[in-house]
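Analysis of the macromolecular model
Each chain, written out:
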Amino acid sequence: MTNKREQFRLEYPAPDRPTLEALTYKLEVLDLSESGLKFACPERLQVKPGQPLQGRLVFRDGSVCEVEGKVLRCVKPQLQVQCVVLLTRGVSLAKMLEEQRLLIRKYKPG
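In this report, the structure presented in the accompanying data block is examined. (Residues numbered from 1 in each chain as written. Predicted model: local features only at pLDDT ≥ 70, side-chain atom pairs only at ≥ 80, totals over all residues. Heavy atoms only, no water.)

Quick look at the side chain of Glu99
Relative to the elements of secondary structure, Glu99 occurs in helix H1 (residues 93-107). Apart from residues lying up to four places away in sequence, Glu99 is in contact with Leu10, Tyr12, Phe59 and Asp61. (Helix = DSSP H or I, 4+ residues; strand = E, 2+ residues; numbered from the N terminus. Contact = heavy atoms within 4.5 Å.)

What about the side chain of Asp31?
Topologically, Asp31 is positioned in strand E3 (residues 25-32). When residues no more than four places from it in sequence are discounted, the contact partners of Asp31 are Arg9, Leu10, Glu11, Tyr12, Leu37 and Lys38.

A look at H1
Here H1 spans 21 Å end to end across 15 residues, near enough to the 21 Å set by a 1.5 Å rise per residue. Turning to H1, its buried residues are Lys95, Met96, Glu99 and Leu103. Viewed along the axis of H1, the buried residues span an arc of 100°, placing them on a single side of the element. Turned more than 90 degrees away from the buried face of H1, the exposed residues are Ala94 and Arg105. Next to the buried residues of H1 lie strand E1 (10-11) and E3. (Expected span 1.5 Å × (residues − 1). Buried < 20%, exposed > 50% of the residue type's maximum accessible area, 1.4 Å probe, protein only. Arc of directions from axis to C-beta.)

Considerations on the nonpolar core
Counting 25 residues, the largest nonpolar core has Leu20, Leu32, Leu37, Phe39 and Leu57 as the members making the most contacts within it. Residue assignment for this core shows that the elements contributing at least two residues are strand E2 (19-22), E3, strand E4 (36-41), strand E5 (52-58), strand E6 (64-75), strand E7 (81-89) and H1. Broken down by element, this core gets its largest block of residues, four residues, from E7. Not counting the four nearest positions on each side in its chain, Leu37 is found in contact with Leu20, Asp31, Leu32, Leu57, Cys83, Val84, Val85 and Leu87. (Core = buried A, V, L, I, M, F, W, Y, C linked by side-chain atoms within 4.5 Å.)

Things to note about the environment of Gln51
Counting through the fold element by element, Gln51 comes out in the loop between E4 and E5. Separated by 21 residues in the primary sequence, Gln51 and Leu72 place their C-alpha atoms 8.1 Å from one another. Discounting chain neighbours no more than four positions away, the residues touching Gln51 are Leu23, Gln46, Gly69, Lys70 and Val71. At 3.1 Å, the side chain of Gln51 and the backbone nitrogen of Lys48 are in polar contact. (Polar contact = N/O pair within 3.5 Å; in protein donor to acceptor, adjacent residues only side chain to side chain.)

Shape descriptors only; they carry no functional weight alone.
See below:
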């Protein structure tokens, strides 16, 4: 199977997920790339495709990245709604690589 993504997507284990501070909420980021992210969305938060979104990503190391974009889609694959955002201002490649190294170091077996 071919991966048609332009950028690598980093999927976060629950204890290490960054927080997206947007829409007056602190939302859990499930995965992240330089140009997109997926966050867990409370059902009471009425997020719709096409809706603009801007906020701050707060990483576990305390670093912050300003992001903005628009909601591409919202799905409910299991018990929670997940929203995918296409970013027009996102995370740098350097930060993505730093996050990847941190997770590999923490979760690498043996």
